[in-house]
Amino acid sequence: MSLAGRCFYLQFLKNDHYTKQCLKQQKGQIPYKPQRGVILDSRGRVLAASNKVRNIIIEPKRVMDPKELSSELQPILDMGAHVICKLITESKNPGYVKIKADASLVECQAARRISSAVGVESDWRRHYPMGRLVSHVVGFTSLYNHGLEGIEYQYNEQLSGLGAQDIFLADNRRRPICPAPIEQRPADNEEVKSSVLTNGAGIILTIDATIQQFVRDELVKQYENYEAESAVAIVVEPKTGAILAMVSVPDYDPAKAHSTEAENRRNKLLTDEFEPGSIIKPFVAAIALDAGVVNKTEKIYCEEGHYSGNGFGSIGEYRNGYGDLTVSEILINSSNVGMAKIGQRLGKKRLYEGLRLFGFGKRVGIDLPGEADGLLWHTRKWNGYSVTRIPFGQEITVTSMQLIRAFCILANRGRMVRPFLVRAVVDSKGEITELKRPLPPVGYIVKPEVAQWIVNEALVGVVNEKKRAKLEKWQVFGKTGTANIAKSNERGYSKSDYVASFLAGAPVEDPAIVVLVSIRKPNKSLGKGYTGGIVASPVAGAIIEKTLNYLETRYARADY
Amino acid sequence: MSRLYFVFVVFCFTAVLIFAVYLRSANNHIFYKLCACRSEQGRLKQELGTKQLLLEGFINPAAVSQRFGSFNTSD
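In this text, all values refer to a predicted model and were calculated from it rather than measured experimentally.

Caption draft 1: Expanded view of the sheet that holds strand 17 (residues 477-486) of chain A. Residue and element names in this part refer to chain A. Pairing within the open sheet is antiparallel, and its five strands lie in the order 10-9-19-18-17. With one partner strand each, in any of the chains shown, strand 10 (243-249) and strand 17 form the two edges of the open sheet. Neighbour-to-neighbour, the strand axes of the sheet open up by a mean angle of 10°, direction not taken into account. Strands in contact with helix 16 (residues 400-411) are strand 9 (230-236), strand 18 (493-506) and strand 19 (513-520); relative to strand 19, the strand with the most contacts, it is inclined by about 150°.

Following this line, the structure appears as structure tokens:
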């Protein structure tokens, strides 16, 4: 009777309680971390990808004798026993300590046989097969796979994916034997909503790793040759705005980013503003021609190199003084006096509005973090100096990104262009989920004939007459710039510190690429020169030659 | 004869019982095998991914340029 009574009590009255306990004991779960999406270049080469690694972990509270366990694990893991013992005994978490990351399958299997306190967890590790080649574009992730820089940061949400959890019933050896009943699965308000894992989306860039390599090779050579402080270079398709290459040195290895200086991790193409110097002259000349304040044939007297007056101080030339020059000659000879006079004719309002239309004083809006605005004061803050100094690149700061965009406008016959870096977002199966190409440009910044004249006449003249980046196979157009760097601790400009730049494009008949090379503080004391024409233009010439040869070969193969 | 028949019946009955017990847990066996196979499939996919990354590391422009550089210096 008592037995029957007890059975009745357990089976009926306490049925729910023991069923719940039983299910709790039998329930097992496996959390799945999503695989972070890949980052590819425009030709599908891997720039960043994640791969699974095995970590050997220990549950310190279940270890009876840490010294004994450490000495048993030492030959298997090829680690010092004292190191393992220290990790176990000094762990702040009694339930978990990582002993070895990225262990091999053999090590994991052998370690698990030693003790039940030893376990294996899998984790994702990020790989960067191209190393420092695309470090400033791709960026890097933290140890927990969160993007911290570059595309990894900008597209962290798309790259991360969504985790999942599998819940099942297990036997006494914790082997899964059947899926858990519906009521045991996570409720809607719990963090993990689904048992369906969603891996991260892939990002396809406009960068071509081959062109990136050309650019980096040439830039690093010159950077080391002139013992410069830093150097940047960028290659863009002027018609579409697609960025084919983007290099900033000094750079870093993304796999070792955490031990790299913060200075080297900065993408100086976006973050560093500088007074551009003569390289801004073509844009001011285009604005003036478009406004009709000068024409292509008139001669402007350049005061033999000394121009002064009330309200704007004294303006000199870099080398020789000049007499009468046309607009084309002003650009070819890079006359500061000529540009100052053009600025005075334009006046504050037109000069300011023209420069804003070319994109100066505001961000380009590229898919990378940390972009600076540059500095173009509103005309309210201008004085007589401003309207004469800005035309030859002082009293205004720009980023390299703004310069290349403005040059794309000229190369693209005056049409607006917006540089972009991400071509498409794809899902884990490779299907395109989002095409990122910007809308085709509408409207003109300057008249097409003005842009064409500046490029075909003046900028071709800079290359041909001054022999800057001249190539046999293609006609290059470009402009040099040698900008003084302001002193940091007092007024005025440094006599030894310059930014040597060269903006170029080719071929002039139908520009396929535009290039900016900018080298900061080439060592003047080496006696090799420091100007844009000497330091930056050979780099640009070499980049253009290699890139056009490569693009010709690529298109020829595609046709074939 | 009837003794043999009896043994045969008992044998068949036992076999059926054992088979019934096996069938009861067949679902669990299959589920476990499925989980094990999925895990193995995942492991193989990862191994393939690792090999692919290794290969990419050898043939990408950065690696090729480095090797050409070392050939030139050794010449």
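Caption draft 2: Quick peek at the pairing of strand 17 of chain A. Residues and elements named next belong to chain A. Taken across its 10 residues, strand 17 has seven buried, putting it largely inside the fold. For strand 17 and strand 18, the ladder comprises nine bridges, and the chain directions are antiparallel. Along strand 18, the bridge assignment pairs Thr 480 with Phe 502. Between the end of strand 17 and the start of strand 18, which pair antiparallel, lie six residues, with Gly 492 showing a positive phi angle near 95°.

Caption draft 3: Quick look at the nonpolar core. Residues and elements named next belong to chain A. Of all hydrophobic cores here, the largest spans 132 residues; its most connected members are Ala 233, Ile 234, Ala 504 and Val 515. A total of nine residues in this core trace back to one element, the largest contributor, which is helix 16. Counting contributing residues, this core receives three or more from each of domain 1 (30-167 + 197-205) and domain 2 (209-251 + 268-559). Every residue in contact with Ala 504, bar those within four places of it in the chain, is listed here: Ala 469, Val 476, Phe 477, Gly 478, Val 514, Val 515, Ala 540 and Ile 544. Listed in part, the 15 residues of the second largest apolar core include Ile 58, Val 63, Ile 76 and Ile 88.

Caption draft 4: Examining the sheet that holds strand 6 (residues 164-170) of chain A more closely. Residue and element names in this part refer to chain A. Pairing is antiparallel in the open sheet, where three strands are placed in the order 1-6-7. The open sheet has two edge strands with one neighbour each: strand 1 (27-32) and strand 7 (176-179). Shown here is a sheet whose adjacent strand axes are inclined to one another by a mean of 45°, direction ignored. In the sheet, strand 6 pairs with strand 7 via three bridges, with the strands oriented antiparallel. Following the sheet pairing, Phe 168 is matched in strand 7 by Pro 179.

Parameters and conventions
Residues numbered from 1 in each chain as written. Chains lettered and ligands numbered in written order. Predicted model: local features only at pLDDT ≥ 70, side-chain atom pairs only at ≥ 80, totals over all residues. Pairing = 2+ DSSP bridges. Helix = DSSP H or I, 4+ residues; strand = E, 2+ residues; numbered from the N terminus. Axes fitted to C-alpha atoms, helices over the stretch in contact; angles between N-to-C directions. Contact = placed C-beta atoms within 7 Å. Buried ≥ 20, exposed ≤ 12 C-beta atoms within 10 Å, placed from the backbone. Core = buried A, V, L, I, M, F, W, Y, C linked by C-beta atoms within 7 Å. Domains from an automatic or database assignment.

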